[in-house]
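Each chain, written out:
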Amino acid sequence: MNFLSRIFGKQSQQQKEDTIFSSSPLEVLGERQVLTDAPYVLPKDTQEISRLDFQHFLLRQAFQSNYLSPITQPKDILDVGAGTGRWADEMAQVFPQAFVTGCDLVEQTTDKSFKQPNYRFVEADVLKGLPFRDRSFDFVHQRLLFLAIPAHSWPSELLELVRVARPGGWIELVESEIQARNAGPATQRMGQWIIEVSKRRGIDSSQVPNLGTYLNNAGLQNVVTRSVTVPMGQWGGRVGSMMAANINSAYQAMKPLITSQLGISPEEYEKNILLQHQEWEELHPTSVFYAAYGQRPH
Ligand SMILES: C[S@@+](CC[C@H](N)C(=O)[O-])C[C@H]1O[C@@H](n2cnc3c(N)ncnc32)[C@H](O)[C@@H]1O
């Protein structure tokens with residue numbers, strides 16, 4: 001068993017049989033459950049729940065925090081595209097006086113026990129508008145929706161986040177580049193495959209380093225952008241090993257889509273992943289995450 005499968009372990013039969021129920025239509029593609037009418041490229045199934053939770057712990061470690069905005073005593077917090085709700089749940093613990101709302105196309109968690117009493121989930125599609133009144137939240141957070149929001153939708157999507165933020169409230173975006181820095185040919189090839197399937201859904205992740213400009217254009221003040229460089233591979237210690245496990249699991253999650261849409265055989269895909277692992281230990285590539293935050297004017 002290699003170090004990646006040691007971290008994620010083998011899927012239990014129960015996990016394989018678990019199904020996520022949602023009012024958004026889902027279909028099975030190559031043993032993974034995917035949304036049929038959303039641009040989002042990743043699956044919505046129990047394997048992806050484990051990956052998103054793991055990725056949350058990785059990002060908290062890499063950023064040394066769950067947020068960067070200078071919030072002090074927020075009363076209402078919104079997490080857009082909340083995924084498993086881990087981030088929102090931890091914020092509900094850190095700010096017990098606050099009420100935290102997580103919204104997503106699908107409620108996706110296997111562990112209902114970790115939910116705090118001051119947390120609620122609301123089903124919502126941010127591309128169709130959020131079901132919240134104007135000026136409802138002191139802090140609006142959105143993390144890793146770059147594989148879900150088509151390029152032409154970003155400006156209106158951000159105006160929707162601004163609409164529900166209170167004057168003086170903060171909006172924070174966290175995203176990552178697809179292509180790693182110092183990547184070898186196999187790693188670049190995988191990046192190109194992901195870019196290609198995303199492009200077919202109108203997604204353009206090359207804009208991720210410009211998140212701060214997007215926030216300025218949406219009318220926010222005091223905009224700050226920070227980047228965090230995360231090593232990929234065991235050479236990068238604990239965070240590097242976590243990152244390797246996380247992206248390896250993301251590659252498995254995207255395998256059915258990439259192989260079926262780009263005509264790449266499953267064998268070629270797996271071979272590329274093995275080549276990538278070798279490259280990571282030889283070339284020491286890194287992945288760059290960007291966090292940008294800004295304040296709605298008073
Ligand atoms: C990569 S996950 C990130 C989850 C969470 N933000 C985190 O960092 O752990 C992206 C999430 O966005 C959600 N999503 C995709 N398109 C969406 C949309 N149009 N409206 C709301 N949520 C969406 C997906 O269902 C998924 O849970």
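Scope of this entry: the structure provided in the associated data block. Note that the structure is a prediction, hence the values are computed from the model and not measured.

### Comments concerning the site of the ligand
Here comes step 1: Close contacts around the ligand come from 16 residues, with Lys44, Gly81, Asp104, Asp125 and Arg143 the closest.
Here comes step 2: Gly81 is positioned with one of its backbone polar atoms (N or O) 2.7 Å from a nitrogen atom of the ligand.
Here comes step 3: Asp125 is positioned with one of its side-chain polar atoms (N or O) 2.7 Å from a nitrogen atom of the ligand.
Here comes step 4: Split into classes, the residues belonging to the shell around the ligand amount to 10 nonpolar, 2 polar and 4 charged.

### Side note on unusual backbone geometry
Here comes step 1: In the Ramachandran plot, Gln64 falls in the positive-phi region, its phi being about 55° despite a non-glycine side chain.
Here comes step 2: Position of Gln64 among the secondary structure elements: in the loop between α3 (46-63) and β3 (76-80).
Here comes step 3: On the basis of relative accessible area, Gln64 is assigned to the exposed category, the value being 65%.
Here comes step 4: A positive phi angle is found at Asn222, which is not glycine, with a value near 50°.
Here comes step 5: Looking at the element boundaries, Asn222 is found in strand β8 (residues 221-231).

### Some remarks on the environment of Glu282
Here comes step 1: Note that Glu282 resides in helix α9 (residues 266-283).
Here comes step 2: Along the sequence, Glu282 and Trp235 sit 47 residues apart, while their C-alpha atoms lie 8.8 Å from each other.

### As for the packing of aromatic side chains
Centre distance and the angle of the planes are the two values used to describe a pair of aromatic rings.
Here comes step 1: Going through the model one piece at a time under the given rule, you end up with 7 aromatic pairs.
Here comes step 2: Where Trp87 meets Phe139, the ring centres are 6.1 Å apart and the plane angle is 50°; that geometry is what we call tilted. Taken together, the residues Trp87 in helix α4 (residues 86-94) and Phe139 in strand β6 (residues 137-143) connect sequence positions 52 residues apart. By the burial criterion, Trp87 is buried, and Phe139 matches it.
Here comes step 3: Grouping aromatic residues by their ring pairs yields a cluster made of Tyr67, Trp87, Phe95 and Phe139.

### What to know about the sheet that holds strand β5 (residues 119-123)
Here comes step 1: Here we have 7 strands laid out as an open sheet, ordered β5-β4-β3-β6-β7-β9-β8, and mixed in their pairing. Pairing within the sheet leaves two strands with one partner each, and these edge strands are β5 and β8. Between one strand axis and the next, the sheet turns by 15° as a mean value, whatever way the strands run.
Here comes step 2: In this sheet, strand β4 (residues 99-104) lies alongside β3 in parallel orientation, the contact comprising 5 bridges. Residue pairing for β4: Ile77 is matched across the bridge by Val100.

### So, helix α6 (residues 185-199)
Here comes step 1: The terminal C-alpha atoms of α6 lie 21 Å apart, and with 15 residues this matches the ideal 21 Å at 1.5 Å per residue to within 8%.
Here comes step 2: Along α6, the residues that are buried comprise Ala186, Thr187, Met190, Gly191, Trp193, Ile194, Val197 and Ser198. Within α6, the buried residues cover an arc of 155° as seen down the axis, which keeps them to one side. The outward face of α6, more than 90 degrees from its buried face, is lined by the exposed residues Pro185 and Lys199.
Here comes step 3: Where α6 is buried, its residues meet α8 (237-262) and α9.

### Comments concerning the nonpolar core
Here comes step 1: One finds Leu78, Leu130, Val140, Leu161, Met254 and Tyr269 to be the most contacted residues of the largest nonpolar core, which totals 89 residues.
Here comes step 2: Top element by residues in this core is α8. It accounts for 12 residues.
Here comes step 3: Discounting residues that sit within four places of it in the chain, Tyr269 has contacts with Met190, Trp193, Tyr251, Met254, Lys255, Ile258, Thr259 and Ile264.

Criteria and thresholds
- Residues numbered from 1 in each chain as written.
- Predicted model: local features only at pLDDT ≥ 70, side-chain atom pairs only at ≥ 80, totals over all residues.
- Heavy atoms only, no water.
- Near = heavy atom within 4 Å.
- Polar contact = N/O pair within 3.5 Å; in protein donor to acceptor, adjacent residues only side chain to side chain.
- Nonpolar A, V, L, I, M, F, W, Y, C, P; charged D, E, K, R; others polar.
- Helix = DSSP H or I, 4+ residues; strand = E, 2+ residues; numbered from the N terminus.
- Buried < 20%, exposed > 50% of the residue type's maximum accessible area, 1.4 Å probe, protein only.
- Phe/Tyr/Trp six-rings, centres within 6.5 Å; stacked < 30°, edge-to-face > 60°.
- Pairing = 2+ DSSP bridges.
- Axes fitted to C-alpha atoms, helices over the stretch in contact; angles between N-to-C directions.
- Expected span 1.5 Å × (residues − 1).
- Arc of directions from axis to C-beta.
- Contact = heavy atoms within 4.5 Å.
- Core = buried A, V, L, I, M, F, W, Y, C linked by side-chain atoms within 4.5 Å.

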